[in-house]
Amino acid sequence: MRYADPSQCPDCRSALPDGVPVCPTCDLLVRHPLAVDLFRTLSRADALVGELRAASDLFHDRPVPAATAPAATRVSSLGGPLVPPSAAPEPKRATPAPPAPPLPPYPTTATPTPDRGGVAFASVPKILLGLGAFCLLVAAVIFLAVSWSALGVGGRTAVLGAFTLTAGASALLLHRTGLRIAGESLIVVALGMLALDVYGAGAAGWLGDGSDGAVSVAAGLTVAVASVLVALLRPAGQPRLVAPQLIAGIGLTVAYAGAVDVTDHRLVPGHLLTLLAIGIVLVGRVAGLVPLQWSVAAAGALAWFGSASIATTDALLDPDLHQLWADGSGWSLLVTAAAMLVPGLVVRHQQVALAGASCAAMVVTVVLTLPSVDTDAATFGLVALGVTTAWVAGLAVLPRMVRPIAIAPSAAGSLILTGLAVVTGAVAVARWADDIRPFTRSFDVVVGGPAPVTEPLLLAPSLLVPFAFLALVATDRSRAALLAWARVAVVVTGLGVAATLTSYDVQLAAPVAVLLLVAIGSAALRATGFSAVAVLVAGAAALATVPSAPLTAVVAGVGAALALLLATLVRTTDSTVAGRLAAAPLLGLAVAALVHATGGGIVWVAVPVLLAVGVLAVVIARPEVELTAAVVALVALPGSLGTATDPGGLAALWLAVAGFVVCASALVNESRRHAVWGGAALLLLASWVRLANLEVREPEAYTLPLAAALLALGAWRMQRSPAVGTAEALLPGLLLGTIPSLLWVVGDPVSLRALVLGGACLALTIAGAALRWSAPLLVGASVGAAIVVRELGPYAGDFPKWVWIGLAGALLTVVGITWERRLLEVRRAVGFLGRLR
């Protein structure tokens, strides 16, 4: 007997059919994850029973089959060897049985107990000593604050000295004896007391009449120097203390903050403390004190950044040449640049040294060219362009080893040039949009508006130089990559030329012509991504000509032709998709502009645009074209409806044209056969809108003849083709004959029309059931039910609320009983099938 038997239910032990998720006898979930775990446990039990049987047979000297005979090294599940209690001759073994699957291996050692959560043993003294050091510092501060005024000069000196010396000596003594954590904690107390000593001396007037900033400088420098000295000590060959190495950087930071506050020359303290930090870092590098190097380097970097920020702000606020160099900001920036070379010299790493040299070159370049900011925009732009061009050229011609030095100044100059180009382009767009009124001008449209802020003639070169920089720093510098960069640069230069022309009082046709040339050139490149650029630029050119209706018609027409060429002739995927997406919007804009150019108003735009983009969607039956055509047609409709004298008639005409276009696409394109339903719905909706517009109250005179014709055609189709269903053949005619009348019945339920329509629905339902036709049965039942509900509506409120609640409860009860009965029948059937052989 096996415990784990997949053919039996583990609970009731009845037979389980293959693949059933629930036991048909006891409803146990046999596919649940818990059932899988149970099966694994029972399999383990079977294995243990087999091992126990083998051990028992061996103990009683019984013959053991080969499949379960223990080997010489076999162990039990408890880890001990399976050997007989006394030596006995080996019994005669029976004929070995066929080999069975090997038993799973069992561990021979105890399973290790998982680690318990909690605080590690080594962390306890760290926590206790750290808390103790903090308490000592707090106690010292409170003692000084409370007892300071009661002590004399001698008492104060004795207390301060005693506290500091005791803490420092205790720290070194404990560290010497190997108590590293205790030494670290007490040295923090000693250095904190040293800082309090200095602040107390300043408060007592021992340091003269110095301000709080001067006392902070003295305290910070004292603690920093003392920390460095203590960090250099190695009592009895013990490792150096880490806490003073970290506190040294904190002391330098406090000293810098106090020095900035106490002096009027805020640049000098930053440079001096940066120099001091460099010296300490060199000492730490020689002594191998890594924490000291990082903490002091961070403090020095903070002092360097503070002085650099102050110098840069002063220089930008007053960039005059004399003031820059006479007042010291320029010299301070040069010192700041020189400090950037130090990290590379200290760590002696080539890449770090080159990065520092590049940043230093950038700062020096900014300092030398900063006086141009105080001049006019043209001079500033020309200086920025010339200097950036020189650095970018150096990036191309310098030796490979020193070439990275030119990266930072080239990047900074490229950012400045890009900012100037953005300003110039924004002003050009503002000039174009200064007096924009769509479709109100002729061809002679002159660009006017605000004067340029920068020099427009520098726009195109200011765009070329950053592209050259990007191409030179790119990782891929192959010929193909450089050619791709060159193509992008040509397109961007063309856009810059168009913006440059827009910055002057020229005819609008001039920059638009440049945009069209850029679009045509981009399309002619046939490269990845340039087709999208071509249609975007063509669209921008068409939108730019909106003030002139004739010019918009020409430019949008050219753009539409370009998009159609990309969609039909070019065989690349991106070109085809870009052309299909842009063809309908450009064609719709061209048609709208042509309507205005020929004297028509906005009221005449919707239908011609719909017809044009609809024909395009019929000719190029692709989702991209059809979707954009539908969007363009819908966008053009509200404007025409808002200005029409007969909006109902225009809406009916628009719907009729839309239905005609959709049906034409279904007839011409085999893949769009299903669209005939949408076309029929649009045509039907057009007739309803027109009837409503004509205030027709009897729709049957228009709908019933058409419905009878459709039903006759459908019946003829069913007779000719037995495979055709009633939904395809009769459903359109049935809907046309019933739905319009149903809409009137909803508005007037108590009428002769409602009686006649109800009788017709009853006849359709009976005929559909008798003939087994789904369409008449479905339409008759659905429309008849709608009529019944509409007739019941006015009287539904007269019934008591409990009637509706009772009906709902009865319905739910019937559904629940039926559901449970069907489920029970299914389970019985499954169990019956499972017992069949």
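Residues numbered from 1 in each chain as written. Predicted model: local features only at pLDDT ≥ 70, side-chain atom pairs only at ≥ 80, totals over all residues. Heavy atoms only, no water.

*Asks:* Whenever I open this one, the pattern of salt bridges confuses me. Can you help?
*Replies:* It is possible for side chains of opposite charge to pair when their charged atoms get near one another. Evaluation of the coordinates by the stated rule reveals four salt bridges. Notably, a salt bridge pairs D505 with R431, separated by 2.6 Å at the nearest N-O pair. Here R431 lies in helix α14 (residues 407–432) and D505 lies in the loop between α16 (479–502) and α17 (509–525), a separation of 74 residues in the sequence. For D505, a relative accessible area of 60% puts it in the exposed group. Accessibility expressed as a relative area gives 5% for R431, which makes it buried. Of the charged contacts in the structure, one is a salt bridge between R580 and E624, with a shortest N-O distance of 3.7 Å. Of this pair, R580 sits in helix α20 (residues 573–597) while E624 sits in helix α22 (residues 623–643), and the two are 44 residues apart along the sequence. (Salt bridge = Lys/Arg side-chain N within 4 Å of Asp/Glu carboxyl O. Helix = DSSP H or I, 4+ residues; strand = E, 2+ residues; numbered from the N terminus. Buried < 20%, exposed > 50% of the residue type's maximum accessible area, 1.4 Å probe, protein only.)

*Asks:* Sorry, what's going on with the confidence of the model for the chain here?
*Replies:* Mean pLDDT over the chain stands at 77; residues scoring 70 or higher make up 79%. Here helix α2 (residues 123–147) is the element of the chain with the lowest mean pLDDT, 52, and helix α21 (residues 606–619) is the one with the highest, 91. In the model, residues 66–130 has pLDDT below 50 throughout and makes 48 contacts with residues more than four positions away in sequence or in other chains. (pLDDT = per-residue confidence, 0-100. Contact = heavy atoms within 4.5 Å.)

*Asks:* Got a minute to help me understand the nonpolar core in this structure?
*Replies:* Among soluble globular proteins, nonpolar side chains are generally buried collectively. Judged by nonpolar contacts, the single largest core of 62 residues is most densely connected at V555, V609, V613 and W654. Secondary-structure elements contributing two or more residues to this core are α16, α17, α18 (530–544), α19 (549–568), α20, α21, α22 and α23 (647–668). Element by element, the count of residues in this core is highest for α20, at nine residues. In this view, V613 contacts A584, L587, G588, A629, V632 and A633; residues no more than four positions away in its chain are not counted. With 16 residues, the next largest nonpolar core counts Y256, A299, A303 and V346 among its residues. (Core = buried A, V, L, I, M, F, W, Y, C linked by side-chain atoms within 4.5 Å.)

*Asks:* What is the right way to look at the packing of aromatic side chains in this model?
*Replies:* For any two aromatic rings, the description comes down to two numbers: the centre-to-centre distance and the angle of the planes. Counted by the stated rule, this structure contains one aromatic pair. The interplanar angle of 65 degrees and the centroid separation of 6.3 Å between the aromatic rings of F467 and W485 together place this pair among those described as edge-to-face. In this pair, F467 sits in helix α15 (residues 459–473) while W485 sits in helix α16, placing the two residues 18 residues apart along the sequence. W485 gets classed as partly exposed once you look at its relative accessible area, which sits at 26%. (Phe/Tyr/Trp six-rings, centres within 6.5 Å; stacked < 30°, edge-to-face > 60°.)

*Asks:* How should helix α25 (residues 700–720) be read in this particular structure?
*Replies:* Residue pairs three or four apart in sequence face the same way in an α-helix, which turns once every 3.6 residues. The first and last C-alpha atoms of α25 sit 29 Å apart over 21 residues, in line with the 30 Å expected at 1.5 Å per residue. When we look at burial in α25, the residues that qualify are E700, T703, A707, G714 and M718. With its buried residues spanning 70 degrees around the axis, α25 presents them on a single face. Turned more than 90 degrees away from the buried face of α25 sit A701, L706, L713, Q719 and R720, all of them exposed. Looking at the buried side of α25, the elements it contacts are α26 (726–747) and α27 (752–771). (Expected span 1.5 Å × (residues − 1). Arc of directions from axis to C-beta.)

*Asks:* Could you clarify how one ought to interpret the state of the cysteines in this entry?
*Replies:* Any covalent bond linking the sulfur atoms of two cysteines counts as a disulfide. Overall, the coordinates contain zero disulfides when judged by the stated rule. Of the cysteine sulfurs around C23, a residue in no disulfide, the closest is that of C26, at 3.6 Å. No disulfide involves C26; its sulfur sits 3.6 Å from that of C9, the nearest cysteine. Given a relative accessible area of 29%, C26 falls into the partly exposed group. (Disulfide = S-S within 2.5 Å.)

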